[in-house]
Amino acid sequence: MIGYFRRNHFVPVPEVSSFAELNEMVEQSDRQDDARRIGSRPKTVAEYFALEQTLLMPLPDEPFEKPRQHLLTLKGPSRPPLPRPDPAPRRPP
């Protein structure tokens, strides 16, 4: 769903003068998307979400802490190297 929203509301990249203007644009696009019907389905996106919303678990009370932060410098058109996990400790023979 995020990919659909991004491709249909942020391509091409919108030109805005502030975050407030961008947020208003996102809210307006979200309201339009809520009214959309997928194919010949009988309900709108918002109606299907209302049905599924009761099945979602609540967010945790504690904030999520990201475990690592990596600063990368890329030279030329390349993919960033992914951090390798620590090898498993070896058992003595």
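The structure presented is a predicted model; accordingly, all values stated were derived computationally and were not measured.

A. Representation of the overall build of the protein. Along the protein, the regular secondary structure elements total three helices and zero strands. The order of helices and strands in the protein, counted from the N terminus, is α-α-α. Scored against the burial criterion, the 93 residues of the protein give a buried share of 6%. In the protein, the share of contacts with a sequence separation of at least 24, taken over all contacts with a separation of at least 6, comes to 21%. When the accessible surface of the protein is summed, it comes to about 9500 Å², and 58% of that surface belongs to carbon and sulfur atoms.

B. Local environment of the pattern of salt bridges. Counted under the stated rule, the structure contains two salt bridges. Taking the shortest distance from any N to any O, the salt bridge between glutamate 24 and arginine 31 comes out at 3.4 Å. A relative accessible area of 41% places glutamate 24 in the partly exposed class. In this structure arginine 31 comes out as partly exposed when scored by relative accessible area, which is 47%. The partner of aspartate 33 in a salt bridge is arginine 36, with the nearest N and O atoms 2.7 Å apart.

C. The arrangement of the packing of helix H1 (residues 2-9) against helix H2 (residues 19-34) in detail. Two elements in contact, H1 and H2, have axes separated by 11 Å at closest approach and are oriented at 115°. Helix-helix and strand crossings are classified by hand; for H1 and H2 the assignment is right-handed. Counted together, Tyr4, Phe5 and His9 of H1 and Met25, Val26, Ser29, Asp30, Gln32 and Asp33 of H2 form the full contact between these two elements. In terms of residue class, the contact of H1 with H2 is built from four nonpolar, three polar and two charged.

D. A look at the environment of arginine 37. Following the sequence through the fold, arginine 37 ends up in the loop between H2 and helix H3 (45-53). Assessed through its relative accessible area of 46%, arginine 37 is described here as partly exposed. When the C-alpha positions of arginine 37 and tyrosine 48 are compared, they lie 9.8 Å apart, and in sequence the two are eleven residues distant. In contact with arginine 37, not counting residues within four places along its chain, are Pro42, Lys43, Thr44 and Glu47. Within the structure, the side chain of arginine 37 is placed 2.3 Å from the backbone oxygen of proline 42, a separation counted as a polar contact.

E. Geometry of the confidence of the model for the protein. On average, residues of the protein carry a pLDDT of 84, and 87% of them reach 70 or more. Mean pLDDT across the elements of the protein bottoms out in H1 (83) and peaks in H3 (94).

F. Here's a closer look at the packing of aromatic side chains. The tally for this structure, following the rule as stated, stands at one aromatic pair. Judged by centre distance (6.0 Å) and plane angle (55°), the rings of phenylalanine 5 and phenylalanine 10 are tilted.

Rules behind the numbers
Once a new chain begins, its residue numbering starts again from 1 and follows that chain's sequence as written. Local features in this predicted model are restricted to residues whose pLDDT is 70 or higher, and side-chain atom pairs enter the listing and the counts only when it is 80 or higher, whereas totals over whole chains, interfaces and linings include all residues. Hydrogens are left out, water is left out, and the side-chain values use all remaining heavy atoms of the structure. The helix count covers DSSP runs of H or I at least four residues long, the strand count covers runs of E at least two residues long, and both are numbered beginning at the N terminus. Buried means the residue's accessible area, taken with a 1.4 Å probe over protein chains only, is under 20% of the maximum for its type, while exposed means over 50%, and partly exposed covers the values in between. By definition in these notes, contact holds between two residues if any of their heavy atoms fall within 4.5 Å. Here, Shrake-Rupley sampling with a 1.4 Å probe gives the accessible areas, and only protein chains in the shown set may cover a residue. Here a salt bridge means any side-chain nitrogen of Lys or Arg lying within 4 Å of a carboxyl oxygen belonging to Asp or Glu. To obtain each axis, a line is fitted to C-alpha atoms, and for helices this fit is confined to the stretch in contact; angles are then taken between N-to-C directions over 0 to 180 degrees. The hand of a helix crossing depends on one turn: near helix anticlockwise from the far one by less than a right angle means left-handed, and clockwise means right-handed. Amino acids outside the nonpolar list (Ala, Val, Leu, Ile, Met, Phe, Trp, Tyr, Cys, Pro) and the charged list (Asp, Glu, Lys, Arg) are all regarded as polar, and Gly is one of them. Pairs of N or O atoms are called polar contacts if they sit within 3.5 Å, as long as, within protein, a hydrogen donor faces a hydrogen acceptor (for residues adjacent in sequence, only side-chain-to-side-chain pairs). The pLDDT value expresses, per residue, how confident the predictor is, ranging between 0 and 100. Any Phe, Tyr or Trp ring, taking Trp's six-membered ring, that has another such ring centre within 6.5 Å forms a pair; planes under 30 degrees apart are called stacked, those over 60 apart edge-to-face, and the others tilted.

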